[in-house]
Amino acid sequence: MTGFPETGRVSAPAAGTVLIDNVRPYGEGDPTTVLIKDGVIAAIGGDHEADRVIDAGGHVLLPGLVDMHVHLREPGREDTETIETGSRAAAKGGFTAVFTMANTSPVTDQPIIAESVWLKSQALGLCDVHPVGSISKGLEGKTLTEFGMMARSDARVRMFSDDGKCVSDPQLMRRALEYAKGLNVLLAQHAEEPRLTDGAVAHEGETAAKLGLRGWPRVAEESIVARDALLARDYGNRVHICHASTTGTVELLKWAKAQGIPLTAEVTPHHLLLTDDKLRTYDGVFRVNPPLREEHDTLALRDALLDGTIDCVATDHAPHGSEDKCVEFENAKPGMLGLETSLAVIARIFVASGLADWRFIARVMSERPAEITQLPDHGRPIAVGEPANLTIVDPEAAWVSDNDSLESKASNNPFNGEEFGAQVTHTILRGRVTYQRAESGAAAEMEVEK
Ligand code: DOR
Ligand code: ZN
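Nothing here was measured: the structure is a model prediction, and the numbers come from that model. (Residues numbered from 1 in each chain as written. Chains lettered and ligands numbered in written order. Predicted model: local features only at pLDDT ≥ 70, side-chain atom pairs only at ≥ 80, totals over all residues. Heavy atoms only, no water.)

A. Broad picture of the sheet that holds strand 7 (residues 128-131). Taken in spatial order, the three strands make up an open sheet running 5-6-7, and their pairing is parallel. The open sheet has two edge strands with one neighbour each: strand 5 (65-70) and strand 7. Adjacent strand axes in the sheet meet at a mean angle of 15° when their direction is disregarded. Here strand 5 pairs with strand 6 (residues 95-100) via four bridges, running parallel. Looking at strand 6, one finds that Val70 is bridged to Thr100. (Pairing = 2+ DSSP bridges. Helix = DSSP H or I, 4+ residues; strand = E, 2+ residues; numbered from the N terminus. Axes fitted to C-alpha atoms, helices over the stretch in contact; angles between N-to-C directions.)

B. Expanded view of the site of ligand 1. Not every one of the 14 residues close to ligand 1 is listed here, only the nearest: Arg73, Asn103, His190, Asn289 and His320. Contact between ligand 1 and His71: an oxygen atom at 3.4 Å from a side-chain N or O atom of the residue. A distance of 3.0 Å separates an oxygen atom of ligand 1 from a polar side-chain atom of His320. For ligand 1, the accessible surface in isolation is 290 Å², of which the surrounding protein chains cover 94%. Mapping ligand 1 onto the cavity grids shows that it belongs to the largest pocket. Residue composition of the shell around ligand 1, grouped by class: three nonpolar, eight polar and three charged. (Near = heavy atom within 4 Å. Polar contact = N/O pair within 3.5 Å; in protein donor to acceptor, adjacent residues only side chain to side chain. Areas by Shrake-Rupley, 256 points an atom, 1.4 Å probe, with all protein chains shown as cover. 1 Å grid on protein atoms, 1.4 Å probe; cavity = no way out; pocket = protein on both sides within 12 Å on 5 of 7 lines; lining within 4 Å. Sits in = over half its atoms within 2 Å of the grid points. Nonpolar A, V, L, I, M, F, W, Y, C, P; charged D, E, K, R; others polar.)

C. Molecular detail of the coordination of the zinc ion (ligand 2). Ligation of the zinc ion (ligand 2) by protein atoms is provided by Asp163 (OD), His190 (ND1) and His243 (NE2), these donors lying 1.9 to 2.3 Å from the ion. Around the zinc ion (ligand 2), the four donor atoms are arranged such that angles at the metal cover 83 to 126°; this shape is classified as irregular. (Donors = N, O, S within 2.8 Å, 3.2 Å for Na, K, Ca; no water. Tetrahedral: all angles 85-135°; square planar, octahedral: opposite > 155°, others 65-115°.)

D. Up close: the packing of helix 4 (residues 170-183) against helix 6 (residues 218-235). Direction vectors running N to C along helix 4 and helix 6 enclose 40°, while the axes themselves pass 10 Å from each other. One finds that helix 4 runs oblique with respect to helix 6. At the point where helix 4 passes helix 6, the crossing takes the right-handed sense. Packed against helix 4, whose contacting residues are Pro170, Met173, Arg174, Leu177, Glu178 and Lys181, the element helix 6 presents Arg227, Asp228, Leu231, Ala232 and Tyr235 at the interface. Residues that form the contact of helix 4 with helix 6 fall into these classes: six nonpolar, no polar and five charged. (Parallel < 35°, antiparallel > 145°, perpendicular 65-115°, else oblique. Left-handed = near helix turned anticlockwise from the far one by under 90°. Contact = heavy atoms within 4.5 Å.)

This is the structure we're talking about:
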């Protein structure tokens, strides 16, 4: 499959030189230096003079993180998040590129909306915010949007999804696959058979039964994953499964990949770490789609990410205002924040535990999502001549996630008050420092160079 040709015009790289001193690429080997010149990695190792020197304290250097699934709520719900606040949250979380879903108001189903998102993000220069186009007009599941016009627009839309809703009509999904194939764009499916989740607010299991909550069965996800695997097989194009959440989905992905079916999948930090046990307090912050499941699901998802059955991590960062969250569980809107905690959650599960190393984090949080979305300039190796999209991580920071210091406008953070180890200290986009942790490490601050 050929690569998507290009990225739309991007914000200018930083002119001049930045020297990252005392840093360990991928957390490996002795600390070294990385020299950035005009937004490109110019040298690794050796002594260099530079306009600016960052002392990285011997910490870990990763390729800038890429999140292929966020909701930045602009246009339409700027009271909960904007491209600016979402970009700040992304930069603080170590991200240099994110994909923002189409369930905005109006829906991102036309080039002009996609272009306005992309151009706004480039004017800000904090993070590359790629708009996702919707598969169906108005997310109504009836008529396909003009993929070609959005793909060719200044936004260079390369991913289409009705996320928030499932493309449940198999004929529409088939047509979408045939259309997407010719354009080499990606379809991302929110796998939820709506007839099986009518009125559902929690995972169908013991906890929901005890709490008196209507259940969302695993089969609602798995039946769509199976169907789309078969559609991808027969119509020969890629399908990406959003937020895989069940043991059965992992089995289906394994089967599909073994058949050579071009199916990829992401998993969220919350589905890897949390279970429906969190629902016992009826706190609306823990309502999410797909719902938090059971322990065996989290363990199967972890193994799947480790062995490549699941390709990458994506946050599904979904800001909601308190009027939609601090209400009865059944009335809370589904979704939780993720951009500012994801690296810490993933590092805790996989690195602190000894299950994996920082190379793995680079793969699942940067390289694979950039490959799947065909970004030419993110998720690249840390090597001379590559774009300087980079993240520096203090692996043992010991910090507490605190809603009072979020960059996000919303505060539906499932990890408020939770202590973590790893923390992003710097994020660099095309040589420009888009985030720098405050010296004390306690009250992190945004620093943007213009
Ligand atoms: O929990 C969710 N929230 N899942 C989705 O698929 C959509 C998202 C949102 O837009 O709030
Ligand atoms: Zn979704």
